[in-house]
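Overview (structure and organization)
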Amino acid sequence: MEFTKIAAPSLKDLFVQQLEEKILSGELEVGSKLPPERELADLMKVSRAVVNGGINELNRKGFLEVRPRQGTYVADYSRNGNLQTLIALLEYRGNKLDKGGIRAILEVRGALEHLAVGLVIDTASDLELNQLEMTAKELRDTETHYKAAQVAFQYHHELAYLAGNTVLTLIYSSFKEVCIVLWVRFCKLYGIEALFDNVFTLHGYLRKRDTQGAYRWIQHYLGEAIDGSQQIYEEV
């Protein structure tokens, strides 16, 4: 059994966490201007270096906008945010997304899977598909929802890699945390067996090099999650 070091959050992490909470709760409204760094440092009893580092991180995460010679403002994160914004929002809500957010992710996932499947069927070797099948079979034997979600992600990430499109693989990697949250919820609602069926049926079309069949299956199982009998929406 292995144990890892327990590390307390840094002052910068605490600064970022506090400002994120104020922004996401609406206490700091979009467009509002933050006090100067020196004043923030005095108010929060930290160094200016902590404040500066925290502001830069919140800027990267899409929550703040730094305007030269004007100051720092709360950004319109719902319009101009990025994947880091989505992950922060997910964590703030206790790993919950609203219906619109989940639907949007599933629709994007459908487009990505169509691209990956088409490329893999055209270019992957039989050996590569056999190795991918081994990952799919691992899913059947998982015992926890989280492990099943991890294996499902591993399968789809490897699928993207075999497609030979580097950007596609990076996009899948970026969505890892969000995808796992949604697959865990799917398993809680419908069981690991249902997730295995979705993945293994898709793989069957890959083995047969049946592009149109694979497209139809992707449309079917994501359609069930979006509007059908296997929806994964939840109250936020």
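Here we summarise the structure given alongside this text. What you see is a predicted model, and the numbers here were worked out from it, not measured in a lab. Each chain carries its own residue numbering, running from 1 in the direction its sequence is written. Per-residue local features are limited, in this predicted model, to residues with pLDDT of at least 70; the limit for side-chain atom pairs, both in listing and counting, is 80 or more; totals at the level of whole chains, interfaces and linings are taken over all residues. Side-chain descriptors were evaluated using all non-hydrogen atoms of the structure, hydrogens and water having been removed beforehand.

**What about the overall build of the chain?**
Check the secondary structure of the chain and you find twelve helices and two strands. The way it works is that DSSP assigns letters per residue, a run of H or I at least four long becomes a helix, a run of E at least two long becomes a strand, and they are numbered from the N terminus. Along the chain, helices and strands appear, N-terminal first, in the series α-α-α-β-β-α-α-α-α-α-α-α-α-α. Seen through its principal axes, the chain has C-alpha atoms that stretch 65 × 40 × 35 Å. Looking at the chain as a whole, 41% of its 236 residues qualify as buried. A separation threshold of at least 6 residues defines the contact pool for the chain, and within that pool the share at least 24 residues apart is 68%. Split by element, the accessible area of the chain, about 13,300 Å² in all, is 50% carbon and sulfur. Charged side chains of the chain number 27 positive and 32 negative; the gap between the two group centres comes to 4 Å. Burial classes: relative accessible area under 20% of the type maximum marks a residue as buried, over 50% as exposed, and values in between as partly exposed (1.4 Å probe, protein chains only). Pairs of residues are marked as contacts when any of their non-hydrogen atoms sit within 4.5 Å. Calculation of accessible area relied on Shrake-Rupley with a 1.4 Å probe; when residues are assessed, cover is drawn exclusively from the protein chains displayed. Within this scheme the basic residues Lys and Arg register as positive and the acidic residues Asp and Glu register as negative, but His and the chain ends are omitted. Taken as the charge centre is NZ of Lys, CZ of Arg, CG of Asp or CD of Glu, depending on the residue.

**Some details on the packing of helix H2 (residues 37-44) against helix H3 (residues 48-60)**
To get an axis, a line is fitted to the C-alpha atoms, and for a helix only the part in contact is used. The angle between two axes follows their N-to-C directions and goes from 0 to 180 degrees. Remark: H2 packs on H3, axes separated minimally by 8 Å, with the N-to-C direction vectors making an angle of 115°. Classified by the interaxial angle, the pair formed by H2 and H3 is roughly perpendicular. Seen from above, H2 lies across H3 with right-handed handedness. Where H2 abuts H3, its residues Glu37, Arg38, Leu40 and Ala41 lie against Arg48, Val51, Asn52 and Ile55. Note that Gly is not counted as nonpolar here; it falls among the polar residues with everything else outside the nonpolar set of Ala, Val, Leu, Ile, Met, Phe, Trp, Tyr, Cys and Pro and the charged set of Asp, Glu, Lys and Arg. A breakdown of the residues in the contact of H2 with H3 according to their chemical character gives four nonpolar, one polar and three charged. The scheme is simple: roughly parallel for angles under 35 degrees, roughly antiparallel for over 145, roughly perpendicular for 65 to 115, oblique for anything else. Left-handed describes a crossing in which the near helix is turned anticlockwise from the far one by less than a right angle; the clockwise case is right-handed.

**What to know about helix H7 (residues 126-140)**
In this model H7 runs 22 Å from its N-terminal to its C-terminal C-alpha over 15 residues, within 8% of the 21 Å that 1.5 Å per residue would give. For H7, the full list of buried residues reads Leu129, Leu132, Glu133, Thr135, Ala136 and Leu139. Around the axis of H7, the buried residues are gathered within 160° of arc, so they sit on the same side. Set apart from the buried face of H7 by more than 90 degrees, the exposed residues are Leu127 and Met134. Residues of H7 that are buried in the fold lie against helix H6 (99-123), helix H8 (145-162) and helix H11 (192-207). To estimate how far a helix should reach, multiply one less than its number of residues by 1.5 Å. Relevant arc is that of directions from the helix axis to the C-beta atoms, nothing else.

**Considering the nonpolar core**
For the purposes of this section, nonpolar cores are sets of buried Ala, Val, Leu, Ile, Met, Phe, Trp, Tyr and Cys residues that join through side-chain atoms within 4.5 Å. Counting residues in hydrophobic clusters, the biggest one holds 52 residues, and the most contacted among them are Val117, Leu195, Leu202 and Leu206. At the level of elements, helix H5 (83-92), H6, H7, H8, helix H9 (166-174), helix H10 (176-190), H11 and helix H12 (211-226) are the ones that each hand at least two residues to this core. In contact with Leu195, other than residues within four places in its own chain, are Leu139, Ala148, Ala152, Trp183, Phe186 and Cys187.

**Brief notes about the environment of Leu170**
Structurally, Leu170 can be placed in helix H9. Judged by its relative accessible area of 52%, Leu170 falls in the exposed class.

**Topic: empty space enclosed by the protein**
Cavity: a set of points on a 1 Å grid over the protein atoms alone where a 1.4 Å probe fits but cannot get out. Pocket: an open set with protein on both sides within 12 Å along at least five of seven lines, its lining residues, like those of a cavity, having an atom within 4 Å of a point. Grid points are joined across faces, edges and corners, and a volume is the space filled by probe spheres set on the points. Scanning the model with the defined rule gives two cavities of 30 Å³ or more in all. The volume enclosed by the largest cavity comes to roughly 210 Å³. Around the largest cavity, the lining comprises 17 residues; the ones closest to its centre are Leu106, Arg109, Trp183, Phe186 and Leu222. Breaking the lining of the largest cavity down by element, the ones donating at least two residues are H6, H10, H11 and H12. Tallied by class, the residues present in the lining of the largest cavity amount to 13 nonpolar, three polar and one charged. The calculated volume of the second largest cavity comes to roughly 80 Å³. Taken together, Ile105, Val108, Arg109, Leu112, Ile171, Tyr172, Phe175 and Cys179 make up the full set of residues lining the second largest cavity. Elements that contribute at least two residues to the lining of the second largest cavity include exactly H6 and H9. With four residues, H6 is the single largest residue contributor to the lining of the second largest cavity. Here the lining of the second largest cavity is built from residues that sort into seven nonpolar, no polar and one charged.

**Here's the deal with the environment of Leu222**
Mapped onto the fold, Leu222 is located in helix H12. Here Leu222 falls in the buried class, since its relative accessible area comes to 5%. The spatial distance from the C-alpha of Leu222 to the C-alpha of Gly110 is 6.9 Å, given a sequence separation of 112 residues. For Leu222, the contacting residues outside a window of four places in its chain are Leu106, Arg109 and Gly110.

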